[in-house]
Amino acid sequence: AVPNCKVLSLTWLAKSTALIVGCSRKLTVLRIQGTSATTVLIAKLPPLVDVTKLVALDGHSFAFGSSRGDVCIGSTGGVHMDDSRCFYPGGRINSLQLSEDAKVLYSGSSSGS
């Protein structure tokens, strides 16, 4: 269980043995070792913003969609919701998918973007 977290989405980064947990108002990175989990990062999001979708990009990075329409890139080392790591298709992000060659990230939102 993740303390103080209403879990909305999950993704697994196999190379770094990290479980990324998208919560209401925050994103948590857990390092999994055997049968135990250690919290390595808690990123608080702006007020009223939830992590709605997550997808693993490689062994150490991931993309997440938010309830306000952002799609951002994060890593096990940090999460920043700034213009250089985010784009804004608009609407609540309902789906994220990485292409087979891992070069294109597709997003779907409530606005049809």
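We now turn to the structure provided with this report. As the structure is a prediction and not an experimental result, all values here were calculated from the model. Within every chain, residues take consecutive numbers counted from 1 along the sequence as written. Predicted model: local features are reported for residues with pLDDT of at least 70 only, side-chain atom pairs are reported and counted for 80 or more only, and whole-chain, interface and lining totals are derived from all residues. Excluded from the side-chain calculation are hydrogens and water; included are all heavy atoms of the structure.

## A look at the state of the cysteines
By disulfide we mean two sulfur atoms from cysteines, separated by a distance within 2.5 Å. Following the criterion strictly, the structure yields two disulfides and no others. Here Cys-5 pairs with Cys-23 through a disulfide, and the sulfurs are 2.0 Å apart. Torsion about the S-S bond of the Cys-5 and Cys-23 cystine: about -95 degrees, corresponding to left-handed handedness. One end of the pair, Cys-5, is in the segment before strand E1 (7-13); the other, Cys-23, is in strand E2 (residues 18-23), with 18 residues separating them in the sequence. Grouping residues by exposure puts Cys-5 and Cys-23 together as buried. For Cys-72, the disulfide goes to Cys-86, at an S-S distance of 2.0 Å. Judged by the sign of its S-S torsion, about 105 degrees, the cystine formed by Cys-72 and Cys-86 is right-handed. With Cys-72 in strand E7 (residues 71-75) and Cys-86 in strand E9 (residues 86-87), this pair connects stretches of sequence that are 14 residues apart. When sorted by exposure, Cys-72 lands in the same class as Cys-86, which is buried. Put simply, DSSP marks the helices as runs of H or I at least four residues long and the strands as runs of E at least two long, and each gets a number from the N terminus on. Working definition: with a 1.4 Å probe on protein chains only, accessible area under 20% of the residue-type maximum means buried, over 50% means exposed, and in between means partly exposed.

## Side note on the nonpolar core
Formed by 16 residues in total, the largest nonpolar core has its most connected members in Ile-20, Leu-27, Leu-54, Phe-62, Phe-64 and Val-79. Of all elements in the fold, only E2, strand E3 (26-33), strand E4 (36-44), strand E5 (51-56) and strand E6 (61-66) reach the threshold of two or more residues within this core. Whether two residues touch is decided by their heavy atoms; if any such pair falls within 4.5 Å, the residues are in contact. In this structure, Leu-27 is in contact with Ile-20, Val-21, Leu-41, Ile-42, Ala-43, Val-51, Leu-54, Phe-62, Phe-64 and Val-79, ignoring residues within four places of it in sequence. By nonpolar core is meant a set of buried Ala, Val, Leu, Ile, Met, Phe, Trp, Tyr and Cys residues that side-chain atoms within 4.5 Å join together.

## Points about the pairing of E3
With five bridges connecting them, E2 and E3 associate as antiparallel partners. Looking at the pairing, Val-21 lines up with Thr-28 of E3. Two strands form a pair only when DSSP identifies at least two bridges running between them. When E3 meets E4, the two strands line up antiparallel, connected through eight bridges. Within the sheet, the bridge partner assigned to Gln-33 lies in E4 and is Ser-36. Taking the residues between adjacent antiparallel strands as the criterion, E3 and E4 are bridged by two residues, where Gly-34 takes a positive phi near 65 degrees.

Functional significance is not addressed by these values, which are geometric in nature.
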